[in-house]
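Chain residues, written in single-letter form:
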Amino acid sequence: MESFDYDLFVIGAGSGGVRAGRIAASHGARVAMAEEFRVGGTCVIRGCVPKKLLVYASHFAHELHDAPGFGWTIEGARFDWNALRDFVASDVDRLERAYTSTLDNNKVDHFHERATVAAPHTVRLASGRKITAKHMLIAVGAWPVMPEFPGNEHAITSNEVFHLPALPARVVIQGAGYIALEFAGIFNALGSKVTVVNRSDQILRSYDIDLRNRLLTMMQMRGIEFRFQNPITGIVKQADGSLFVSTAQGYPIEADAVLVATGRKPKTPGLGLEEVGVQLGANGEIIVDEYGQTSVAGIHAVGDVTDRVQLTPVAIREGHAFADTVFGGKPRKTSYDAIPSAVFSQPPLAAVGLTEVEARAQYGEVKVFTSDFRPMKNMFAKVAERGFYKLVVDGESDRVLGVHMIGPEAPEVLQAAAIAVKAGLTKADFDATMALHPSMAEELVLMR
Ligand code: NDP
């Protein structure tokens, strides 16, 4: 019988890789992992976690603004970007230590260097050392796409945005997806002048059109400028260090920082995958079956590198299912139905299930219920932002096919609603549920 150094070698210590390694080890596998950057991966180190801390920080700006309406006098309030940035960085350090302890506690050996695939059962570390494993899991994630234009070296991506030396007074953001709109909200609230430029005239393509329209209006009301069909064509750094940004429609914009957020591509280049016969798709993604198996026996992949749904909880589920399938004797697939998602824009939006347009295309007869309300919290706010919830219901079975929300705390409310959609509950079930008053969430059961 062939013998290997390990039962499993995981390349990439992000959300999917760490979960897979930990669970495989708990099933008795001898596991090793390599990570070229920091343990924790995009979500923990330069994604969801530090981003959410910045979102929380920026909420204080709105709260302070609205506080006088509730009787508070706030004098001398000041914001210090460096203090926030350093606090966020220290929390990321703490989490990295926690993730590393998880590996240690589960007896997963970890190598802090780049690993590539040398042969179907052999990994080559940057140091030159070769390690064999019966199974290999590729969980290297994705990487921001930087469009080609002169001067793009002056633009930053979400990788660098957490480390800015100062809060930029003027920010241009290219893209109108998750990252662009989340950072537009953060910088706007913290006091930067924000201009969003996008190649099309759409924001957040995958979300329900009513939510997108509402969000665009509210972001504009908060002072964020949008310029559509107007991607960046060049950036010139000026003598004073500021950036002169040219755009397709010829409106130059002066900025102190340019953030590009135009999608993320699987980080497969240079990994040696094609050389051993692993099939990649057009975007460089690893093609896998529903168990994470690639075209080469013994090589598996989970998470963003497979370019299915680029969300942390999905990578975690895929990693767990892979480990249970291969090492736990419990074959498990990941279900991609009714995955809840949120954009931590300001206000945030969140959704699960089908949009109205998708439901009409798939089900024909569809009933739509909406609630357009002014959250009580906004009663004394100077900007009268309204919340909007929408239920999309199958006209025949009465099943709730989609829940879409924009308004304060929408992601917190949506997670519970996602249980109902996943469970296949009907509009009658929603109606039969007593309202929790006074709350915004009660709108969910009061739509008639
Ligand atoms: P998105 O796919 O959300 O948005 C990409 C944006 O960039 C779109 O507005 C798109 O324009 C534009 N774009 C795409 N390619 C180009 C190009 N070549 N030139 C110019 N513009 C382009 O990507 P993000 O980078 O914002 O986020 C990446 C992924 O990370 C998301 O898909 C999401 O899965 C994940 N993420 C999730 C978060 C969350 O769950 N809250 C937060 C942050 C990231 P158009 O639509 O006009 O084509």
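Residues numbered from 1 in each chain as written. Predicted model: local features only at pLDDT ≥ 70, side-chain atom pairs only at ≥ 80, totals over all residues. Heavy atoms only, no water.

Brief notes about the overall build of the protein
Move 1: In terms of helices and strands, the protein carries 10 helices and 21 strands.
Move 2: Relative to the compact-globule value of 22 Å for 448 residues, the protein shows a C-alpha radius of gyration of 24 Å, a close match.
Move 3: The principal-axis extent of the C-alpha atoms belonging to the protein is close to 75 × 65 × 40 Å.
Move 4: In the protein, buried positions account for 51% of the 448 residues.
Move 5: Contacts in the protein between residues far apart in sequence, at least 24 positions, make up 62% of those at least 6 positions apart.
Move 6: Carbon and sulfur atoms provide 53% of the accessible area of the protein, an area that totals close to 20500 Å².
Move 7: Computed over 45 positive and 51 negative side-chain charges, the separation of the two mean positions in the protein equals 2 Å. (Helix = DSSP H or I, 4+ residues; strand = E, 2+ residues; numbered from the N terminus. Rg over C-alpha atoms; globule rule 2.2 N^0.38 Å. Buried < 20%, exposed > 50% of the residue type's maximum accessible area, 1.4 Å probe, protein only. Contact = heavy atoms within 4.5 Å. Areas by Shrake-Rupley, 256 points an atom, 1.4 Å probe, with all protein chains shown as cover. Lys, Arg positive; Asp, Glu negative; His and termini not counted. Charge placed at Lys NZ, Arg CZ, Asp CG, Glu CD.)

Some details on a nonpolar patch on the surface
Move 1: On the surface, Phe60, Leu64, Phe70, Trp72, Ile74, Met376, Met379 and Phe380 cluster together into a nonpolar patch covering about 900 Å² of accessible area.
Move 2: Assignment of secondary structure puts Leu64 in helix α3 (residues 48-66).
Move 3: Residue classification places Leu64 among the partly exposed positions, given a relative accessible area of 37%. (Patch = residues over 30% accessible without salt bridge, like charges linked within 9 Å, V, L, I, M, F, W, Y side chains within 5 Å. Salt bridge = Lys/Arg side-chain N within 4 Å of Asp/Glu carboxyl O.)

Overview of the site of the ligand
Move 1: In the region of the ligand, 21 residues are neighbours, and Ala176, Arg199, Ser200, Arg205 and Gln310 sit closest.
Move 2: A distance of 2.8 Å separates an oxygen atom of the ligand from a polar backbone atom of Ala176.
Move 3: Between an oxygen atom of the ligand and a main-chain N or O atom of Gly177, the distance comes to 3.5 Å.
Move 4: For the shell around the ligand, the leading source of residues is helix α5 (residues 178-190), giving 3 residues. (Near = heavy atom within 4 Å. Polar contact = N/O pair within 3.5 Å; in protein donor to acceptor, adjacent residues only side chain to side chain.)

Quick look at the side chain of Asn198
Move 1: You can see Asn198 is positioned in the loop between β9 (193-197) and α6 (209-221).
Move 2: In terms of polar contacts, Asn198 uses its side chain to reach the side chain of Ser200, at 3.3 Å.
Move 3: Every residue in contact with Asn198, bar those within four places of it in the chain, is listed here: Gly175, Ala176, Arg227, Phe228, Gln229, Asn230 and Pro231.

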